[in-house]
Amino acid sequence: MIIDTHCHLVSPKYGDMEEVRRNSIALGVGHCISQGTGPHDWEGTLELTTRWPDFVSSCLAVHPSDCTEASDEDFARMAELCRKHPQAAIGETGLDYFWDPPEGWSTEAYYARQRHLLELHFALAEELGLNISLHTRDKVNAGTACFDDAFAIARHFPKVRPVFHCFIGTQQQAESIFCELDGLISFTGLLTFKKTENVQAVAAWCPAERFMVETDAPFLSPDPYRGMVNIPGRTRYVVEKIAQLRACEPEEVAACTTANAKRFFRLPALD
Ligand SMILES: [Zn+2]
């Protein structure tokens, strides 16, 4: 069985969720971790886990792109939901220095708001004994400020293990995530695209106990379905691509990434 460790099943891009579930299971993906991103999808994410506990586990958080819309009161409400309902992790949160700030916000204030919220998420994860799903994105060719800032915050919470989702960084960054944060990285369908040799090389090299697989569905549909609405089932193509890069069988990649996901997201009920 393959586990999609990062998707967003509460999305206006989806119609018939039963069909999404059926098609995903048919592709060999028996479980997925649906990540909340803001007040608009928290309840819906929890409802999916109630409806299909065998197929969906949930994480709740404020995505950095929603950091100016979600108030501190919203965060407090989310924290209450996490205390009431068992969560697989806290996510998706993180830092995003790729997009410009919304109107009325200076770049400095916008980034500071993101960092403040990320610290709150780490503190909540620590309180609940959960790990955390992190998004980091720098401006293209503009250094690593976003990664470095997220890394510095993660360092203050040694009990919380982070996964740097949709990893596109360097081998050196991956090594510091493993060695200094006891963290993991996860790969999306991005590595099936052309001109992604750097991340393909990291996937070929990465120690087996340190990576997971994901779709980020409904986004980032892998080749040959690029540009279409993605579904958790297509994690299968991420697994197949990684197997090709590592010159091993897809079953081997599925087995190690599923074991890593069960540990990281504490999914013993799936055994
Ligand atoms: Zn995501």
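A brief look at the structure comes next. (Residues numbered from 1 in each chain as written. Predicted model: local features only at pLDDT ≥ 70, side-chain atom pairs only at ≥ 80, totals over all residues. Heavy atoms only, no water.)

### What about the side chain of Asp4?
The condition is simple: Helix numbering and strand numbering both begin at the N terminus, where a helix is a DSSP run of H or I of at least 4 residues and a strand a DSSP run of E of at least 2. Throughout, exposure labels follow a simple rule: accessible area from a 1.4 Å probe, protein chains only, divided by the maximum for the residue type, with under 20% read as buried, over 50% as exposed, and the rest as partly exposed. This count recognises Lys and Arg as positive and Asp and Glu as negative, with His and chain-terminal groups excluded. Should a side-chain nitrogen of Lys or Arg be within 4 Å of a carboxyl oxygen of Asp or Glu, the pair is scored as a salt bridge. By the criterion applied in these results, polar contacts are pairs of N or O atoms within 3.5 Å in which, for protein atoms, one can donate a hydrogen and the other can accept it, and in which residues neighboring in sequence qualify only through two side-chain atoms.
Assignment of secondary structure puts Asp4 in strand β1 (residues 2–7). Here Asp4 sits buried without a salt bridge, and the closest side chain of opposite charge, Arg234, lies 10 Å off (N-O distance). Within the local environment of Asp4, its side chain forms a polar contact with the backbone nitrogen of His6, the two atoms lying 3.2 Å apart. At 2.5 Å, the side chain of Asp4 and the side chain of Thr215 are in polar contact.

### Re the packing of aromatic side chains
Counted only if it meets this: Stacked, tilted and edge-to-face are the three classes applied to pairs of Phe, Tyr and Trp rings, where Trp contributes its six-membered ring and a pair requires centres within 6.5 Å; stacked means planes under 30 degrees apart, edge-to-face means over 60, and tilted covers the rest. We count a charge as sitting over a ring when the NZ of a lysine or the CZ of an arginine lies within 6 Å of the ring centre and within 35 degrees of the ring normal.
One pass over the structure, following the stated rule, counts ten aromatic pairs. Measuring from ring centre to ring centre gives 4.9 Å for Phe264 and Phe265, while their planes differ by 75 degrees; the resulting arrangement is edge-to-face. Both residues of the pair, Phe264 and Phe265, belong to the buried class. Ring pairing ties together the aromatic residues Tyr97, Tyr110 and Tyr111, which thus form one cluster. Above the plane of the ring of Phe98 lies Arg137, whose end atom (NZ or CZ) is 3.6 Å from the centre. Over the ring of Tyr225 we find Arg234; its NZ or CZ atom is 4.4 Å from the centre of that ring.

### Notes on the coordination of the zinc ion
To keep it simple, the criterion reads: Water is not among the atoms examined, so metal sites may look incomplete; donors are the N, O and S atoms within 2.8 Å of the metal, or within 3.2 Å for Na, K and Ca. Every geometry call rests on angle ranges, with four donors termed tetrahedral when all angles are between 85 and 135 degrees, four termed square planar and six termed octahedral when opposite donors are over 155 degrees apart and all others are between 65 and 115, and everything else termed irregular.
Surrounding the zinc ion are the protein donor atoms His6 (NE2), His8 (NE2), Glu92 (OE) and Asp216 (OD), which sit 2.1 to 2.3 Å from the metal. Around the zinc ion sit four donor atoms; with metal-centred angles ranging over 84 to 175 degrees, the donor geometry is irregular. Donor residues binding the zinc ion come from one chain and are separated in sequence as H-x1-H-x83-E-x123-D. On the criterion of sequence distance, the pair formed by His6 in strand β1 and Glu92 in strand β4 (residues 89–96) is long-range, its members being 86 residues apart. Both residues of the pair, His6 and Glu92, count as buried.

### Remarks on the side chain of His135
Condition: In what follows, a contact means two residues having at least one pair of non-hydrogen atoms within 4.5 Å.
Looking at where His135 falls in the secondary structure, it is placed in strand β5 (residues 132–137). On the basis of relative accessibility, which here comes to 12%, the residue His135 falls in the buried class. Residue contacts for His135: discarding those within four places in its chain leaves His63, Pro64, Glu92, Thr93, Gly94, Leu95, Asp96 and His165.

### A look at the pattern of salt bridges
If the charged atoms of two oppositely charged side chains come close together, the side chains can form a pair. Scanning all chains against the criterion turns up eleven salt bridges. In this structure, Glu18 engages Arg21 in a salt bridge whose closest nitrogen and oxygen atoms are separated by 3.5 Å. Taken as a pair, Glu18 and Arg21 lie in helix α1 (residues 17–26) at a separation of three residues, close to a single helical turn. For Glu18, a relative accessible area of 26% corresponds to the partly exposed category.

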